[in-house]
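Listed here are the chains, written in short residue letters.
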Amino acid sequence: GLGRSLAAPVAVAQAPDTVHVVRFVLAAPGAQRVTLAGDFNGWSRDETPLQDVTGSGQWSVTLPLREGVHEYAFVVDGERWVADPFATTRRDEFGQESSLLRVGGDPVRGT
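This structure is a prediction, so every number in the text was calculated from the model and none was measured. (Residues numbered from 1 in each chain as written. Predicted model: local features only at pLDDT ≥ 70, side-chain atom pairs only at ≥ 80, totals over all residues. Heavy atoms only, no water.)

Colleague: I keep staring at unusual backbone geometry and nothing clicks. Help me out?
Modeller: Glycine aside, residues mostly have negative phi angles, and peptide bonds mostly take the trans form. One non-glycine residue, Trp43, lies in positive phi territory at about 55°. Here Trp43 lies in the loop between strand E2 (34-38) and strand E3 (58-66). Of note, Asp77 is a non-glycine position whose phi angle comes to about 55°, a positive value. Checked against the element boundaries, Asp77 lands in the loop between strand E4 (68-76) and strand E5 (80-82). Relative accessible area serves as the criterion here: at 36%, Asp77 is assigned to the partly exposed category. (Helix = DSSP H or I, 4+ residues; strand = E, 2+ residues; numbered from the N terminus. Buried < 20%, exposed > 50% of the residue type's maximum accessible area, 1.4 Å probe, protein only.)

Here it is as structure tokens:
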């Protein structure tokens, strides 16, 4: 009946394997502030700050992300956009670089 079909999507959404914890790291010695902007936070420069825990210029943040391909970039000192040197890079029509991350799911199958 109707009740059962309404319950199914809820059960799927709560399955533990749909969210993965991802650690983002950027080496930015001398930076005063580093944040992470991406499609998962509306490209906000302020919402997701990284921490330089050891004071050595290794900035990091850990985020729960849904499966799929996410696009993101680091923002250094509020103005300099930096692509992740360890990720696939995409350049838009304005020459701005961002990074692509595939979270979970199956690897891309070749033919």
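Further notes follow.
Colleague: Can you walk me through the pairing of E4 in this structure?
Modeller: Each regular strand carries side chains that alternate between the two faces of the sheet. Counting buried residues in E4 gives seven out of nine residues, a clear majority hidden from the surface. Sheet topology places E2 next to E4; five bridges connect them, and they run antiparallel. Each bridged residue has a counterpart across the sheet, and for Gly38 the counterpart in E4 is Tyr72. When E4 meets strand E7 (residues 97-103), the two strands line up antiparallel, connected through five bridges. Residue Glu71 lies in a different strand from E7, and its bridge partner there is Leu100. The hairpin formed by E4 and E5 contains three residues between the paired strands, and Asp77 there has a positive phi angle of roughly 55°. (Pairing = 2+ DSSP bridges.)

These figures come from the coordinates and say nothing about function on their own.
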